[in-house]
Amino acid sequence: MRPTTNLKALLLSALILAAFVALWQIAATPSAATGAAVDPEYAKLVGAAAAAGQKTPFPTPAEVGRKIVGHLSDPFYVRGTNDQGIGIQLAYSIARVLVGYLLAAAVAIPVGFLIGMSPLVYRALDPFIQILKPISPLAWMPLALYTIKDSSLSSIFVIFICSIWPMLINTAFGVAAVRKEWLNVARTLEVGTLRRAFTIILPAAAPTILTGMRISIGIAWLVIVAAEMLVGGTGIGYFVWNEWNNLSITNVITAILVIGLVGMVLDQILARFTRMVTFPE
């Protein structure tokens, strides 16, 4: 039954994709109307040919496909500071995300354990968490740039600050939700606190912790694009902004597709880890 359902879902996804591409092609096809007055500012923005209706300012699926093939054929070229391959831009972004994300995990998981195991610590830290958690990560960027004085390190700090809260909260929740019967048995057997944390609490809370890590990686990848647009230099976010300044909508759409695919891969990696540590009771 499950393979049949998977096949049906795959066919439905393919049908939705085909319908989307067809609508895109229709929307991007230039109209036959000519002779209409053209705003000079609009003509400067999209080009005289597009403004006159001889071609569409929005790229077709085929044009985007050719652009993607071009990027994949040479993803790591360097022709100047503002002209580098999309592979290099992605590498910078992924590296920043991983550094900030791993630093957040190194802080959030131990502190989350402490909060989950100690009601006193939870009550003491909860006000600070509730105040800091809703702050937009990009609101930290000016302060980070002022204090760190490095755009790349500032981006990593923003990733750190946005990744820490889902992991911290989910870790604390998972640790606090471990069955009391298991902990009582451990106390009866005089199992030490450290051993109890690694042999009972960690395996039981692992699915919840990995869920928080999965949420965090999605937020981190979302934020790095906006952060790189602000600070410039390198990264897929800067690539999008630079191509917009060059009025290359085809490259912008290509980058959007690449961002989505990389985000999906990162999410699926964490989803697989979550399934690996989840066991039926």
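Just so it is clear, the structure is predicted and the values come from calculations on it, not from any experiment.

**Q** Is there a simple way to explain the pattern of salt bridges in this structure?
**A** When the charged atoms of two side chains with opposite charge come close together, those side chains can pair. Evaluation of the coordinates by the stated rule reveals two salt bridges. The closest approach of N and O atoms between glutamate 228 and arginine 96, which form a salt bridge, is 2.8 Å. In this pair, glutamate 228 is assigned in helix H10 (residues 193-231) and arginine 96 in helix H5 (residues 86-117), connecting sequence segments 132 residues apart. Aspartate 267 is the partner of arginine 214 in a salt bridge, and the nearest nitrogen-oxygen pair spans 2.8 Å. Placement of arginine 214 in helix H10 and of aspartate 267 in helix H12 (residues 249-276) is noted, with a sequence separation of 53 residues between them.

**Q** Is there a simple way to think about unusual backbone geometry in this case?
**A** Leave glycine aside and you will find that most residues have negative phi; peptide bonds, for their part, are mostly trans. Positive phi values are uncommon outside glycine, yet lysine 149 reaches one of about 60 degrees. Mapped onto the elements, lysine 149 comes out in the loop between helix H7 (141-148) and helix H8 (151-176).

**Q** What should I look at first to understand the nonpolar core in this one?
**A** Among soluble globular proteins, nonpolar side chains are generally buried collectively. Ranked by internal contacts, the top residues of the largest apolar core, which has 52 residues, are Val97, Met167, Met213, Trp221 and Ile236. Every element with two or more residues in this core is listed here: H5, helix H6 (119-132), H8, helix H9 (180-188), H10, helix H11 (236-245) and H12. Top contributing element to this core by residue count: H10, with 14 residues. Residues contacting methionine 213, with those up to four places away along its chain left out, are Tyr101, Ile109, Met167 and Leu270.

Criteria and thresholds
Residues numbered from 1 in each chain as written. Predicted model: local features only at pLDDT ≥ 70, side-chain atom pairs only at ≥ 80, totals over all residues. Heavy atoms only, no water. Salt bridge = Lys/Arg side-chain N within 4 Å of Asp/Glu carboxyl O. Helix = DSSP H or I, 4+ residues; strand = E, 2+ residues; numbered from the N terminus. Core = buried A, V, L, I, M, F, W, Y, C linked by side-chain atoms within 4.5 Å. Buried < 20%, exposed > 50% of the residue type's maximum accessible area, 1.4 Å probe, protein only. Contact = heavy atoms within 4.5 Å.

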